[in-house]
Amino acid sequence: MHARAALFDLYGDHLRSRGGQASVAALVRLMKPLEIAAPAVRTAVSRMVRQGWLQPVRLPRGPGYGLTPKCVRRLDEAALRIYRAGTLTWHGRWHLIVFEPVKDRPRRERLRADLTFLGYAALSETAWIGPRSSIELDNLLESEGVRADRFDSALEGDPRELVARAWDLTAIGEAYAHWLAEADTLISGLPEGAPADQVFATRSRLVHGWRNFLFRDPGLPPELLPAGWPGEKARVYFEQEAARLLPAAAAFVDRELT
């Protein structure tokens, strides 16, 4: 786990519900069980400030960093999709985005990466489709200076054919099966009665691996997925183990924040 990704996980999974702030010293302590050294934490924090994810704050226990509104929106959308059982619905319609070609390559690549994270897939260079609209879309397009026409669309045709063209479900399903095998090995290696910092580290790695699917799986409705979809078995395992390990992990976070 890289420091920046671990910090995103920490803020999203624990600090968001605790005011979204932490001192620099606390961040260093919380990253220690993940074997991330203090210099790497400080470098990652500085980068996240430059990118608009964190902002400096003055806390009773010294200087620290809190979430920006941009980061709050990203973490809230991510949480909705990470813990998605019963939260996402589909009404048979698609959210279609059409925009002018983006000539600047870095801006174009950022746009592609962010739209993919939000659950959209490219039908062409300038037309993207998703199973639902995203609360982050307005801010993303504004920050990149892109004007887009957006449509709440009904498909004339077989939605499964559209899904097969837009997303590689075979590769996504294989990735879920691979993750489940690795996650089972990770959890099996946690001894009974393990100290809270070890539970925190194990759960953090579990969440981090699962969070990576935000960049691959758009959260398609069950009716558009193949029978026996591996993602469902993986989801059940993740939610079960993440909930089981949460009390000890949360206790460690609370202790290090004081």
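Being a predicted model, the structure only gives us computed values, none of them experimental. (Residues numbered from 1 in each chain as written. Predicted model: local features only at pLDDT ≥ 70, side-chain atom pairs only at ≥ 80, totals over all residues. Heavy atoms only, no water.)

**With respect to the sheet that holds strand E2 (residues 54–59)**
- Strand order in this open sheet of three strands is E1-E3-E2, and the pairing throughout is antiparallel. Each edge of the open sheet carries a strand with a single partner, namely strand E1 (21–23) and E2. The average angle at which neighbouring strand axes cross in this sheet is 35 degrees, direction not considered.
- In the sheet, E1 pairs with strand E3 (residues 62–67) via three bridges, with the strands oriented antiparallel. Counterpart to Ser23 in the pairing with E3 is Gly64.
- This element, helix H1 (residues 3–15), spans E1, E2 and E3 of the sheet and lies at about 120 degrees to E1. (Pairing = 2+ DSSP bridges. Helix = DSSP H or I, 4+ residues; strand = E, 2+ residues; numbered from the N terminus. Axes fitted to C-alpha atoms, helices over the stretch in contact; angles between N-to-C directions. Contact = heavy atoms within 4.5 Å.)

**Here's the deal with the UniProt feature "domain: Transcriptional repressor PaaX-like N-terminal" (unreviewed entry) in the chain**
- Sequence positions flagged by UniProt for "domain: Transcriptional repressor PaaX-like N-terminal" (unreviewed entry) are, in local numbering, residues 3–69.
- Helix makes up 52% of residues 3–69 and strand 22%, whereas the separation of the span's terminal C-alpha atoms amounts to 21 Å. (UniProt positions renumbered as here; feature names shortened; annotations may be inferred.)

**Focus on the nonpolar core**
- Of all hydrophobic cores here, the largest spans 49 residues; its most connected members are Trp94, Phe99, Leu115, Trp167 and Trp179.
- Examining the composition of this core, we find that eight residues originate from one element, helix H8 (residues 169–188), more than from any other.
- Shared between two domains, this core holds at least three residues of each, these being domain 2 (93–154) and domain 3 (168–257).
- Residue contacts for Trp167: discarding those within four places in its chain leaves Trp94, Gly119, Tyr120, Ala121, Ile129, Gly130, Pro131, Arg216, Pro218 and Leu220. (Core = buried A, V, L, I, M, F, W, Y, C linked by side-chain atoms within 4.5 Å. Buried < 20%, exposed > 50% of the residue type's maximum accessible area, 1.4 Å probe, protein only. Domains from an automatic or database assignment.)

**Quick word on the UniProt feature "domain: Transcriptional repressor PaaX-like C-terminal" (unreviewed entry) in the chain**
- On the UniProt side, "domain: Transcriptional repressor PaaX-like C-terminal" (unreviewed entry) is annotated at positions that read residues 167–254 here.
- Annotated as residues 167–254, this span is 69% helix and 0% strand, and its ends, taken at the C-alpha atoms, are 40 Å apart.

**Here we look at the pattern of salt bridges**
- For the coordinates displayed, the defined rule picks out 17 salt bridges.
- Of the charged contacts, one joins Asp13 and Arg203 as a salt bridge, the two residues approaching to 2.3 Å between their closest N and O atoms. Taken together, the positions of Asp13 in helix H1 and Arg203 in helix H9 (residues 196–211) put the pair 190 residues apart, joining distant regions of the chain. Each member of the pair, Asp13 as well as Arg203, is classed as buried. (Salt bridge = Lys/Arg side-chain N within 4 Å of Asp/Glu carboxyl O.)

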